[in-house]
Amino acid sequence: MKRNLFYRHFPFQVCLSVFILLFTFTVKSVAQEKPNIILIMADDLGYETLGCYGSDDYNTPNLDKMADEGMLFENCHSMPLCTPSRVQIMTGKYNFRNYVGFGILDPKEKTFGHRMQEEGYKTCIAGKWQLYGNDVQRKLVNGKLGSLPDQAGFDSYSLWQVKDRGFRYKSPTIDTKEKGLQTYPGEYGPDLFVDYIEDFMETNQDHPFFVYYPMCITHDPFLPTPFSNGFNSYDPEKRTNDAKYFGEMVNYMDHLVGRIIKKVESLDLSENTLILFVGDNGTDRDVTSNFQGQKLKGNKGYTNDLGTHVPLIAKWQGTIEPGVVNSHLIDFTDFVPTLLDVSMSEINRNQLILDGISFFPQLKGERKAETRDWIFCHYAPNWGKFEPRRYVFDTQLKLYENGEIYDLSKDLYETTPIHKSHLGRKQLKKIKTFESVLAKMNN
């Protein structure tokens, strides 16, 4: 009797099992229709430091290979300093709309972390936070608090300098979602951040994920890395800061990028993952690099080309054609609309305040992709001795709000302003356009 009952219900049981399998497969397939996104941002790294851009000094084989296999942007520009850059890239807005002060991200702001969560992504951040504000930074903005990582749209995090500082490199103090604040004697912070990212990707490989990796490296203090014979004996309490280690740190930064790329490949996610690499501002002013036969001094914090011109490389196997060099202008406000396009967001953009232009069509090689004619910058960092400045520029000319004009093709350091009377007709027309842009950018 039991045997007959089993056979009577067997077809139903088979059908139910098949349905469950098909449903599970369908859910997994739908989930993975949205590509994964990994945004890596090196700290204090100008374009002149990478081999693929023409550096004569530093060893960057993984990023050079990434450029060979993807798209290299020749004209990406950040803000001149870290917090202004981070607020801009995370929100897609010019700083006059939402910048509170150095070291602070306004908790009222929606970041790309929030946007990706809304699109169904698992979100992760690892590396440098520095957006909650310390006592000095809060005092400068009348006691306002910044944002914590979970407030800013991140499900998982492993970060240096959330509320507590400690060291970022050897024996780092790191705050993680899972374990809270801990110090790791003898360990190397940048390695631990990549360990965390690798674990996150492995855990979420069957679900669309967004990883934001604002690296601590290559920011000073310039110190030995695990590639150095002196790493094990180095005592972080000595607080060494020697620019002779900068090249080694660039090499180690490149090594970390290579680890992430290899992890994506080992998980068989290369065709469903966009990897972006960018610098947050120009190289430290204590660093001078040999670049295409000339010496270029980093100018972090200042508004000339060596303060804002950063590398941008994109890799997405099967979507981005290999070996493409893109000469179009890219601004940090462009990243949020680009990520929304990559995530196939159907949100009405007219409902959002975004200042950027998506470069996703450029990544796909579309001939009619919208491109920039100029970049606008509102720079008022409220930090150090940096002078607030507003300006518009392209690859040839720059106009400051005070009327100063510079020929960028001949004067990267902006030492000699030129008068309108020395401009040709086409240049004058361009300056008139820049004047119009500045007039529209009101507080």
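Residues numbered from 1 in each chain as written. Predicted model: local features only at pLDDT ≥ 70, side-chain atom pairs only at ≥ 80, totals over all residues. Heavy atoms only, no water.

## Some thoughts on the nonpolar core
Okay, step 1: Ranked by internal contacts, the top residues of the largest apolar core, which has 58 residues, are Ile89, Phe112, Trp129, Phe210, Tyr212, Val278 and Phe335.
Okay, step 2: Of all the elements, helix α10 (residues 335-342) adds the most residues to this core, at five residues.
Okay, step 3: Counting 56 residues, the second-largest nonpolar core is a separate cluster that includes Leu50, Leu63, Leu267 and Val287. (Core = buried A, V, L, I, M, F, W, Y, C linked by side-chain atoms within 4.5 Å. Buried < 20%, exposed > 50% of the residue type's maximum accessible area, 1.4 Å probe, protein only. Helix = DSSP H or I, 4+ residues; strand = E, 2+ residues; numbered from the N terminus.)

## Some words on the pattern of salt bridges
Okay, step 1: One pass over the full model with this rule turns up 24 salt bridges.
Okay, step 2: A salt bridge links Lys364 to Glu366, with the shortest nitrogen-to-oxygen separation between them at 3.0 Å.
Okay, step 3: A relative accessible area of 39% means that Lys364 is categorised as partly exposed.
Okay, step 4: Judged by relative accessible area, Glu366 falls into the partly exposed class, the value being 39%. (Salt bridge = Lys/Arg side-chain N within 4 Å of Asp/Glu carboxyl O.)

## Thoughts on unusual backbone geometry
Okay, step 1: The residue after Ile217, namely Thr218, is reached through a cis peptide bond having omega 20 degrees.
Okay, step 2: Along the chain, Thr218 turns up in the loop between β7 (209-214) and α8 (246-266).
Okay, step 3: The peptide bond linking Asp220 to Pro221 adopts the cis configuration, its omega dihedral lying at 10 degrees.
Okay, step 4: Position of Pro221 among the secondary structure elements: in the loop between β7 and α8.
Okay, step 5: Positive phi, close to 60 degrees, is recorded for Asp44, a residue that is not glycine.
Okay, step 6: Relative to the helices and strands, Asp44 is located in the loop between β1 (36-42) and α2 (61-69).

## Points about the layout of surface pockets
Okay, step 1: In this structure, the largest pocket encloses a volume near 580 Å³.
Okay, step 2: Surrounding the largest pocket, 30 residues form its lining, Arg165, Arg168, His219, Asp220 and Pro221 being those nearest its centre.
Okay, step 3: When the residues that make up the lining of the largest pocket are grouped by side-chain class, the tally is twelve nonpolar, eight polar and ten charged.
Okay, step 4: The calculated volume of the second largest pocket comes to roughly 430 Å³.
Okay, step 5: In this structure, the second largest pocket is lined by 20 residues; those nearest its centre are Tyr47, Glu74, Asn75, Asp305 and His309.
Okay, step 6: Ranked by residues supplied to the lining of the second largest pocket, first place goes to strand β2 (residues 71-77) with four residues.
Okay, step 7: Across the lining of the second largest pocket, the residue classes break down as nine nonpolar, eight polar and three charged. (1 Å grid on protein atoms, 1.4 Å probe; cavity = no way out; pocket = protein on both sides within 12 Å on 5 of 7 lines; lining within 4 Å. Points joined across faces, edges and corners; volume = space filled by probe spheres on them. Nonpolar A, V, L, I, M, F, W, Y, C, P; charged D, E, K, R; others polar.)

## Remarks on the sheet that holds strand β4 (residues 156-160)
Okay, step 1: A sheet is described by the order of its strands in space; here ten strands give the open sequence β6-β5-β4-β3-β7-β1-β8-β11-β2-β12, paired in mixed fashion. Each edge of the open sheet is held by one strand with a lone partner, namely β6 (180-183) and β12 (324-331). Shown here is a sheet whose adjacent strand axes are inclined to one another by a mean of 15 degrees, direction ignored.
Okay, step 2: Relative to strand β11 (residues 309-315), β2 runs antiparallel, the two sharing five bridges. (Pairing = 2+ DSSP bridges. Axes fitted to C-alpha atoms, helices over the stretch in contact; angles between N-to-C directions.)

## Things to note about the packing of aromatic side chains
Okay, step 1: Under the criterion given, the structure shown has 23 aromatic pairs.
Okay, step 2: Judged by centre distance (5.3 Å) and plane angle (85 degrees), the ring pair of Phe335 and Phe359 falls under edge-to-face. Taken together, the positions of Phe335 in helix α10 and Phe359 in the loop between α10 and α11 (360-363) put the pair 24 residues apart, joining distant regions of the chain. The exposure classification of Phe335 matches that of Phe359, with both residues buried.
Okay, step 3: Through pairs of rings, three or more aromatic residues link up here, namely Tyr169, Tyr188, Phe227, Phe231 and Tyr252.
Okay, step 4: The ring of Tyr400 carries the charged tip of Arg389 above its face, separated from the ring centre by 3.7 Å. (Phe/Tyr/Trp six-rings, centres within 6.5 Å; stacked < 30°, edge-to-face > 60°. Lys NZ or Arg CZ within 6 Å of the ring centre and 35° of its normal.)

## Re the sheet that holds strand β13 (residues 375-379)
Okay, step 1: Strand order in the open sheet formed by four strands is β13-β14-β15-β16, with antiparallel pairing between adjacent strands. The sheet terminates laterally at β13 and β16 (405-407), the two strands that pair on one side only. Strand-to-strand twist of the sheet, defined as the mean angle between neighbouring strand axes without regard to direction, takes the value 20 degrees.
Okay, step 2: As paired strands, strand β15 (residues 397-400) and β16 are joined by three bridges and run antiparallel to one another. Looking at β16, one finds that Leu399 is bridged to Ile405.
Okay, step 3: On the sheet, helix α12 (residues 425-440) packs against β13, β14 (389-393), β15 and β16 and is oriented at approximately 40 degrees with respect to β15. (Contact = heavy atoms within 4.5 Å.)

## Quick word on the pairing of β1
Okay, step 1: Counting buried residues in β1 gives seven out of seven residues, a clear majority hidden from the surface.
Okay, step 2: Burial along β1 is two-sided: the face carrying Asn36, Ile38, Ile40 and Ala42 and the face carrying Ile37, Leu39 and Met41 are both buried.
Okay, step 3: Sheet analysis places β1 next to strand β8 (residues 273-279), joined by seven bridges and oriented parallel. Looking at the pairing, Ala42 lines up with Gly279 of β8.

## Remarks on the pairing of β13
Okay, step 1: Of all five residues in β13, five are buried; the element is thus mostly enclosed.
Okay, step 2: Side chains Ile375, Cys377 and Tyr379 project from β13 onto one buried face, and the interleaved Phe376 and His378 project onto a second face that is buried too.
Okay, step 3: With five bridges joining them, β13 and β14 adopt antiparallel strand pairing. Bridge pairing links Phe376 to Val392 in β14.

## Re α12
Okay, step 1: Spanning 16 residues, α12 covers 23 Å between terminal C-alpha atoms, matching the ideal 22 Å at 1.5 Å per step.
Okay, step 2: On the buried face of α12, the contacting elements are β13, β14, β15 and β16. (Expected span 1.5 Å × (residues − 1).)

## Observations concerning the side chain of Asp411
Okay, step 1: With respect to the helices and strands, Asp411 occurs in the loop between β16 and α12.
Okay, step 2: Apart from residues lying up to four places away in sequence, Asp411 is in contact with Tyr406 and Thr416.

## Structural notes on the packing of α2 against α8
Okay, step 1: For the pair α2 and α8, the least separation of the axes is 7 Å and the interaxial angle reads 50 degrees. Judged on the interaxial angle alone, α8 and α2 are oblique. Contacts between α2 and α8 pair Pro61, Asn62, Leu63 and Met66 from the former with Asn251, Met253, Asp254, His255, Val257, Gly258 and Ile261 from the latter.
Okay, step 2: Its residues placed into classes, the contact of α2 with α8 shows six nonpolar, four polar and one charged. (Parallel < 35°, antiparallel > 145°, perpendicular 65-115°, else oblique.)

That's the geometry; what it means functionally is another story.
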